[in-house]
Amino acid sequence: MSRIEFVIATAAILFVAFCLGWFAHWLVNRFTRVAADDVAQLDRMSQELHEAEETRDQAITYLQQREADLTNQLTQTESELRGAMDGLRDARQEAEELRAQLNRQQAI
């Protein structure tokens with residue numbers, strides 16, 4: 001094999017290798033390329049996710065505020081109940097004292 005034949009054979013082999021590499025690159029890009037519809041769908045899904053997270057945050061804030069209001073209302077109600085029970089106990093004690101006084105006066 002002469003020097004020119006060797007150069008031509010080497011050039012042909014390198015050209016075929018280049019063509020195969022270029023074709024493989026084209027195939028990889030063809031199959032891994034993201035379609036515009038997919039990108040639009042991902043954008044829409046990310047927007048919906050963002051809106052859902054905002055809604056969740058608002059719901060959590062509302063529930064925390066509602067819980068604080070109900071806890072405050074429960075505390076006030078318990079305080080009023082405690083006051084009413086104290087008043088009822090005092091009234092019962094006073095009624096017992098008055099009955100005892102009345103019984104003593106009737107016994108005399």
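Look above for the structure.
The model shown is predicted, which means the values in this text are computed figures rather than measured ones. Within each chain, residues carry numbers counting from 1 in the order of the written sequence. Local features in this predicted model are restricted to residues of pLDDT 70 or higher, and side-chain atom pairs are both shown and tallied only at a pLDDT of 80 or more, whereas totals for entire chains, interfaces and linings draw on every residue. Only hydrogens and water are set aside when side-chain values are computed; all heavy atoms of the structure are taken into account.

Trainee: Help me out: how do you make sense of the pattern of salt bridges in this one?
Mentor: Pairing is possible between side chains of opposite charge, provided their charged atoms come close. Put simply, a salt bridge is a Lys or Arg side-chain nitrogen that is within 4 Å of an Asp or Glu carboxyl oxygen. Per the stated rule, a full pass over the model turns up four salt bridges. Across the salt bridge formed by aspartate 57 and arginine 56, the nearest N and O atoms sit 2.9 Å from each other. The classification of residues rests on relative accessible area computed with a 1.4 Å probe and restricted to protein chains. Under 20% of the type maximum is buried, over 50% is exposed, and intermediate values are partly exposed. Taking the relative accessible area as the measure of exposure, arginine 56 reaches 47% and is therefore partly exposed. With a shortest N-O distance of 2.6 Å, arginine 89 and aspartate 86 are connected by a salt bridge. Taken as a pair, arginine 89 and aspartate 86 lie in helix H2 (residues 36–107) at a separation of three residues, close to a single helical turn. Each helix is a run of DSSP H or I of at least 4 residues and each strand a run of E of at least 2, with the numbering of both proceeding from the N terminus.

Trainee: Would you mind showing me how to read a nonpolar patch on the surface here?
Mentor: A contiguous nonpolar surface patch, about 830 Å² in accessible area, is contributed by Phe15, Val16, Phe18, Leu20, Trp22, Phe23 and Trp26. In this structure, tryptophan 22 sits in helix H1 (residues 3–32). Residues enter patches when their relative accessible area tops 30% and they take part in no salt bridge; the joining distance is 9 Å for like charges and 5 Å for the nonpolar side chains Val, Leu, Ile, Met, Phe, Trp and Tyr. Each accessible area is a Shrake-Rupley result for a 1.4 Å probe, and residues are judged covered by the shown protein chains and nothing else.

Trainee: Looking at this model, I keep getting lost on the environment of alanine 95. Mind explaining?
Mentor: Positionally, alanine 95 belongs in helix H2. According to the relative accessible area criterion, alanine 95 is partly exposed, its value standing at 27%. Along the backbone, alanine 95 and alanine 12 are 83 residues apart, and their C-alpha atoms lie at a distance of 120 Å.

Trainee: Just checking my understanding: could you explain the environment of leucine 27 for this structure?
Mentor: Tracing the chain through its elements places leucine 27 in helix H1. We classify leucine 27 as partly exposed; its relative accessible area is 29%. A sequence separation of 57 residues divides leucine 27 from alanine 84, and the C-alpha atoms of the two residues are 84 Å apart.

Trainee: Explain the environment of alanine 17 here, please?
Mentor: One can find alanine 17 in helix H1. Separated by 68 residues in sequence, alanine 17 and methionine 85 have C-alpha atoms that sit 97 Å apart.

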